[in-house]
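Single-letter residue listing:
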Amino acid sequence: MQKKRVFLTRTLHDFALKELRKKYQIEVHSGKIPIPKNILEKKIKNIDGLICFPYDKIDDTMMDMAENLKAISTYSVGFDHVDITHAKKKKIRVGYTPEVLTDATADLAFSLMMDVMRRVTEGDKIIRKGSWRQIYGAYDYVGLDLQGKTLGILGLGRIGSTLAKRAKAFDMKLVYHSRNRVSKTREKALGIKYVSWEKLITQSDVISIHVPHTTQTDKLFDAKIFKKMKKSAVLINTARGKVINEKDLVLALKKNIIAGAGLDVFETEPISNTHPLTKLDNVVLAPHIGSSTKETREEMARLTVKNLNLGILGKKPIYSVGY
Ligand code: NAP
């Protein structure tokens, strides 16, 4: 019997490719990343399974071109790049990779918060430029304490809750706003208080974003919101770049409307080294590495393959959305 066909929009770990080759006839895109739309349109036509990544847009027209597609398995927890409603209509299984990347992403959010508040990257740049002139000046490179500061978490899901646990150990005060309030027992266990959206943005010293990118969260943080935040506030984003109006953020950071930001995600990725954000000292930038630890990425690859295997058989993936 002919093996089913699987297409990957970019390469994955060797062990995962080996596993896939045992079962399927696989093809891995090795050209431009993200894969150009016209190439994916051609490839999707005859495949049974697709392994994709964030920023590979799998919309309704793309899916309609597929004649045999049974499963889409994305190597990410975010699935905003896949039209889930349309996949459901077409009975295409969609698998994704939550849980396994929660700790790594919460750790990165925490690292960005510490970095911005203690100005580590800024100091590194000062040393490399040869501009470190005196030692131990009373006002030199002063940062901010974490303990006693209010951390406002937007979206108390898996990553938001895990960040709360880390911040608790650093004696921060915790508040959150989410679409749905979690149970009182859970709030108590995390030591966190529910607040309105208005209170979250006006009372937090640090705001960390952990909501998915949807029509409701698109450009949620804009000039109007930055004006309402504390002048000393720091914004951390490890969720999706499009939750922030980036132009407005650049202005807010330039004019010190807010104090700083730590960003792992951007409106369009990758950003270039001429992007206005790269000219600012009060922002720490990371190249979308939230889930990027050796252990986590390997787990994600295993899960992506397992999800695909189930989906191709017409079964529900371990972690599935839609159908
Ligand atoms: P999750 O467990 O689904 O948590 C998301 C939370 O956001 C949930 O509490 C959800 O509330 C809440 N929410 C959704 N829409 C909202 C809205 N309009 N207003 C307020 N709250 C809203 O997801 P997760 O695993 O923590 O991941 C969060 C996001 O992080 C992902 O969607 C992904 O985009 C991003 N991410 C990025 C990286 C990276 O590499 N930087 C890595 C992993 C994840 P409900 O409980 O009501 O649904």
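Structure report, in brief.

Conventions used here
- Residues numbered from 1 in each chain as written.
- Predicted model: local features only at pLDDT ≥ 70, side-chain atom pairs only at ≥ 80, totals over all residues.
- Heavy atoms only, no water.
- Near = heavy atom within 4 Å.
- Polar contact = N/O pair within 3.5 Å; in protein donor to acceptor, adjacent residues only side chain to side chain.
- Areas by Shrake-Rupley, 256 points an atom, 1.4 Å probe, with all protein chains shown as cover.
- Nonpolar A, V, L, I, M, F, W, Y, C, P; charged D, E, K, R; others polar.
- Helix = DSSP H or I, 4+ residues; strand = E, 2+ residues; numbered from the N terminus.
- Salt bridge = Lys/Arg side-chain N within 4 Å of Asp/Glu carboxyl O.
- Buried < 20%, exposed > 50% of the residue type's maximum accessible area, 1.4 Å probe, protein only.

Another aspect to go through is the site of the ligand. With respect to spatial proximity, 24 residues lie near the ligand, and among them Ile159, Arg179, Asn180, Thr238 and Asp264 are the closest. At 3.2 Å, a backbone N or O of Gly157 approaches an oxygen atom of the ligand. Protein chains bury 84% of the 940 Å² of accessible surface belonging to the ligand in isolation. Grouping the amino acids of the shell around the ligand by side-chain chemistry returns 8 nonpolar, 12 polar and 4 charged.

In the segment running from Ile33 into Pro34, the intervening peptide bond is cis, with an omega of -10 degrees. Tracing the sequence through the fold places Pro34 in the loop between strand 2 (24-28) and helix 2 (37-44). Residue Pro270 follows Glu269 across a cis peptide bond; omega there is -5 degrees. For Pro270, the position within the fold is in the loop between strand 11 (260-263) and strand 12 (283-285). The residue Asn256 is not glycine, and still its phi comes out positive at about 55 degrees. Topologically, Asn256 is positioned in the loop between helix 11 (246-254) and strand 11.

Turning our eyes to something else, we now look at the pattern of salt bridges. For the coordinates displayed, the defined rule picks out 16 salt bridges. Across the pair Asp103 and Arg166 runs a salt bridge, and its minimum N-O distance is 3.0 Å. Note that Asp103 is positioned in helix 5 (residues 102-118) and Arg166 in helix 7 (residues 158-169), a separation of 63 residues in sequence. The salt bridge partner of Arg302 is Glu299, with a shortest N-O separation of 2.6 Å. Taken together, the positions of Arg302 and Glu299, both in helix 12 (residues 294-312) and 3 residues apart, correspond to about one turn of that helix. Overall, the relative accessible area of 34% leaves Arg302 in the partly exposed class.

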